Amino acid sequence: DTWIVAGQGTPVLISDQVQLGVEKYWGEVWSASLEGYYRSFDGVTDFNLADDPNDPDDDVLQGRGSSAGLDLLVRRNRGPLTGWTTVSLLRAERTLPDPAAEGWEDVPPEVTFPPTFDRRIDVDVVLQYDAPRGVELGLRWNFGSPLPYTRPVAQYFSWRYAPLQRQYEALDQPGDGPPVLVRLGDRNGERYPPYHRLDITVRKEFQRSWGSWTPYLQVLNAYNRKNVLWYFFNYDRTPPTPSGLSMFPVLPGV
């Protein structure tokens, strides 16, 4: 989720890992492999949003985590049609102190959540076909199950009561209006829609006396899947409604 510079105040990260794999070959044409793993982490970090500016040692939070997964690979190595298919299963968790729970007896002191890369299922299909006349056709299709994000559940204005004036005033200095704050839901408690995309490539190599050249046509996101990059929320409605910012549309290249 976050990157920090290593230094004297950075916790040491310790990881215990175990993995087991098996491979199988059918001549020189087909091969397959299956690998499972489990990893535990002690010393994962995150930014401390409630840090004391006068304390240089509380800028990051220190916690623990784990991840487990299974990876399958099936490959065809020979023939006019070659390629491979991979299927990856993953489950990851992080447990970190919750600064907002300090001083509250009924709030758990730690929060456990899936990190932003917790994509439970990932599928890749890559194919290359040697067509007649030296034309090469390539195809890649990728599917990823939804990634987690933290959903804002409400927007509110920040006021305080001034007893001397007997009225409410904005917490900060008055400007365009009172400061607008956002109430967040459970950390990474929601998921974006699934991600999938098809890329297609056609190319042909030409030999000349001075060398060779290979013109190609490539189309990324061939069926114009509107994969969500992130959400904006409209708070004028109850409940707030999201509108997504999509990644790139159909993108041809030559």
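Definitions and limits used
- Residues numbered from 1 in each chain as written.
- Predicted model: local features only at pLDDT ≥ 70, side-chain atom pairs only at ≥ 80, totals over all residues.
- Heavy atoms only, no water.
- Phe/Tyr/Trp six-rings, centres within 6.5 Å; stacked < 30°, edge-to-face > 60°.
- Helix = DSSP H or I, 4+ residues; strand = E, 2+ residues; numbered from the N terminus.
- Buried < 20%, exposed > 50% of the residue type's maximum accessible area, 1.4 Å probe, protein only.
- Lys NZ or Arg CZ within 6 Å of the ring centre and 35° of its normal.

Colleague: I keep staring at the packing of aromatic side chains and nothing clicks. Help me out?
Modeller: The description of an aromatic ring pair rests on the distance of the ring centres and on the angle between the ring planes. Going through the model one piece at a time under the given rule, you end up with seven aromatic pairs. Aromatic pair Tyr 149 and Tyr 192: ring centres 4.3 Å apart, planes at 25°, arrangement stacked. Taken as a pair, Tyr 149 in strand 8 (residues 148–149) and Tyr 192 in the loop between strand 13 (190–191) and strand 14 (195–204) lie far apart in primary sequence, 43 residues in all. When sorted by exposure, Tyr 149 lands in the same class as Tyr 192, which is buried. Connected via pairs of aromatic rings, a cluster forms that spans Tyr 149, Tyr 192, Tyr 231 and Phe 233. Across the ring face of Tyr 37, the terminal group of Arg 39 is positioned such that the distance to the ring centre comes to 4.3 Å. Here the guanidinium or amino end of Lys 204 rests over the ring plane of Phe 206, the centre of that ring lying 5.2 Å away.

Colleague: How should unusual backbone geometry be read in this particular structure?
Modeller: Most peptide bonds are trans, and most residues other than glycine sit at a negative phi. Despite not being glycine, Arg 133 shows a phi value in the positive range, around 65°. By the element assignment, Arg 133 lies in the loop between strand 6 (121–130) and strand 7 (135–144). Unlike most non-glycine residues, Asn 188 shows phi in positive territory, near 50°. Note that Asn 188 resides in the loop between strand 12 (180–184) and strand 13. The exposure class of Asn 188 is buried, given its relative accessible area of 7%.

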